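Structure assessment
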Amino acid sequence: MDPDLMADPFGGYGRLREQAPVVHGRYLDGTPAWFVTRHDDVRALLHDRRLVNTPASVPGATDDDPRLKMMDMLAIPEELRPYLMGSMLDTDPPEHTRLRKRVLREFTARRVMGMRPRIEEIAGRLLDALPRHTADGAADLLAHYAYPLSIQVICNLVGVPEADSDKWQQWGEDLIAMRPERLATSFPAMIEHTHRLIGERRADLGDDLLSGLIRGQDSSEGGISDVELVTFVVTLVLAGHETTAHLISNGTAALLSHPGQLAQLRSDPEIMPGAVHELMRWCGPVQTGRLRYAAEDMEVAGTRIPRGDAVLLVFVSANFDPRRYTDPDRLDLRRHPVGQAENHLGFGHGIHYCLGASLARLEAEIAFGSLFDRYPDLRLALEPAELERRERMRLPGQWRLTRLPVVLGPGRP
């Protein structure tokens, strides 16, 4: 929560990384935690089954769950806490295996790739409308492109009516803001809305992701309950649209601040998939993982971590580790050759690898390609340093803008 660290997590966590591979600190709610900062250690621990996501998975654990501090801080009512603490992000095998296996049966690569025409259509429609959102010569690309694109795409995938997408965007903003007075009304409304949506969809099944999951609820191989289904929808819609919107806005700001790199992307669109990976490494919206817990005494890079202690994996320092990357501070859109395996940690690794990574990459590729094709003279309305000073949110573990003001220039048809 240190203001200087939130203002410059790249430099702050980078200094920690060079001082030691593991340092002791405190999480945003005050929980003592071991911060792991170097690439190879972070990647290895993402695969290490000795680290668990749920405190109750630690042998001999007491009822003192550190996550409850966050629920208290956010004033989440007792009856609604399972919807935040029971997601796949907060479960361990075998429960995590059961839930993820069931969801992956519907969340297929074929389903994601089949969304390309729909994503292109949504992007084109939003780009057509951008000039109407110009004020004082600038348009806010976050509010009128990145956010609506990502929320409409994820709602379309899940089966949430497009008319409800604005509600979900507002609920997501309330949750990210971590303001109890806003969550007091938005979170109960979101849960009630999702239960109602499931009931409506059950009565009229379609070909969306939610309908597929409802059809499989009675599977002999292990279905999922309505509470688990609501939790999944809430997690997917909120996490999916928020992070993707900020990948698009951060990435656009980075490209406009590095005209040489943008020129390479324009001249060789084939590098777009690798460019998205580099932007995820260089300015991804998620900078730390969730707290994990040592299920047994363990040693990491020469540091003993006692059983039950919390561990925070720091992606932002790992993704800039000079032991892993040559000249890591430089944005290099050709750093990730096409066809090679993902070599950053922006989407995590291991059994908790981001479920929606393929969709986020596809959205970003289409978002960047469509934007720069439509508005070839696009430029920032503020100098890069001024944009960072005025519009960068100060949030722990996250890298997000409040606005992305741009000057569109003439648009191509």
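In what follows, the accompanying structure is described. Bear in mind that the values here come from a model prediction, so they are computed numbers and not experimental data.

Along any regular strand, the residues point their side chains to alternate faces of the sheet. Residue alternation in strand β8 (residues 310-313) divides its side chains into two sets, A310 and L312 and V311 and L313, and both sets are buried. Bridge analysis of strand β5 (residues 292-294) against β8 gives two bridges, and the strand direction is antiparallel. Among the inter-strand pairings, Y293 is bridged to a residue of β8, identified as A310.

Of note, W34 is situated in strand β2 (residues 32-36). We classify W34 as buried; its relative accessible area is 16%. Contact partners of W34, with chain neighbours within four places excluded, come to V22, V23, H24, T303, R304, I305, P306, D309, A310, V311 and L312.

Looking now at the sheet that holds β2. Here we have five strands laid out as an open sheet, ordered β1-β2-β8-β5-β3, and mixed in their pairing. This sheet does not close on itself; its edge strands, each paired only once, are β1 (22-26) and β3 (51-52).

Glancing now at the packing of aromatic side chains. In this structure the tally under the stated criterion is five aromatic pairs. Between F10 and W399, the aromatic rings sit 4.9 Å apart at their centres with planes inclined by 90 degrees, giving edge-to-face as the arrangement. Here the residue F10 occupies a position in helix α2 (residues 9-19), and W399 occupies one in the loop between α18 (384-391) and β10 (405-407), the gap between them amounting to 389 residues. Judged by relative accessible area, F10 falls into the partly exposed class, the value being 24%. Consider the rings of Y13 and F35, whose centres lie 6.5 Å apart with planes at 25 degrees: the pair is stacked. In this pair, Y13 sits in helix α2 while F35 sits in strand β2, placing the two residues 22 residues apart along the sequence. Across the pair, exposure class does not vary: Y13 and F35 are buried alike. Feature note: the residues F10, F320 and W399 constitute an aromatic cluster, connected by ring pairs. Here R281 stacks its cationic end above the ring of F320, 5.1 Å away from the centre of that ring. Seen from the ring of Y325, R324 lies directly overhead, with NZ or CZ sitting 5.3 Å from the centre.

On to the packing of helix α13 (residues 226-257) against helix α14 (residues 259-267), then. The packing of two helices is summarised by the inter-axis angle and the distance between the axes. Direction vectors running N to C along α13 and α14 enclose 105 degrees, while the axes themselves pass 5 Å from each other. The angle between α13 and α14 places the two elements in the roughly perpendicular class. From α13, L255, L256 and S257 reach across to α14, where they touch P259, L262 and L265. Looking at the contact of α13 with α14 residue by residue, the class counts come to five nonpolar, one polar and no charged.

Before going further, it helps to spend a moment on the layout of surface pockets. There is about 230 Å³ of room inside the second largest pocket. Lining the second largest pocket are 16 residues, and of these A109, V112, A357, S358 and R361 lie nearest its centre. Mapped onto the lining of the second largest pocket, the elements with two or more residues apiece are α6 (95-104), α7 (109-113) and α17 (357-374). Classifying every residue of the lining of the second largest pocket by side-chain character gives ten nonpolar, two polar and four charged.

Rules used in this analysis
- All residue numbers here refer to positions counted from 1 along the written sequence of the relevant chain.
- Residue-level local features of this predicted model are given only where pLDDT is at least 70; pairs of side-chain atoms are given and counted only at 80 or more, and the full residue set underlies all totals for whole chains, interfaces and linings.
- Only heavy atoms go into the side-chain values, all of them from the structure, while hydrogens and water stay out.
- Relative accessibility decides the category of a residue: with a 1.4 Å probe and only protein chains considered, values under 20% of the type maximum give buried, values over 50% give exposed, and everything between is partly exposed.
- Secondary structure counts use DSSP, requiring at least four H or I residues in a row for a helix and at least two E residues in a row for a strand, with both numbered from the N terminus.
- Pairing between strands requires that DSSP locate at least two bridges from one strand to the other.
- Residue contacts are counted whenever heavy atoms from the two residues lie within 4.5 Å of one another.
- In this analysis, rings of Phe, Tyr and Trp, with Trp reduced to its six-membered ring, are considered paired at centre separations within 6.5 Å, and the interplanar angle assigns stacked below 30 degrees, edge-to-face beyond 60, and tilted for intermediate values.
- Think of it as a cone above the ring: NZ of Lys or CZ of Arg counts as a charge over the ring if it is within 6 Å of the ring centre and within 35 degrees of the ring normal.
- Inter-axis angles, ranging from 0 to 180 degrees, are taken between N-to-C directions of lines fitted to C-alpha atoms, where helices are fitted over the stretch in contact.
- Roughly parallel refers to an angle under 35 degrees, roughly antiparallel to one over 145, roughly perpendicular to one between 65 and 115, and oblique to any angle outside these ranges.
- Put simply, Ala, Val, Leu, Ile, Met, Phe, Trp, Tyr, Cys and Pro go in the nonpolar bin, Asp, Glu, Lys and Arg in the charged bin, and everything else, Gly too, in the polar bin.
- Grid points spaced at 1 Å and placed over the protein atoms alone form the basis of the search, with a cavity being a set where a 1.4 Å probe fits but cannot get out and a pocket an open set showing protein on both sides within 12 Å along at least five of seven lines. Lining residues have an atom within 4 Å of a point.
- Grid points are joined across faces, edges and corners, and a volume is the space filled by probe spheres set on the points.

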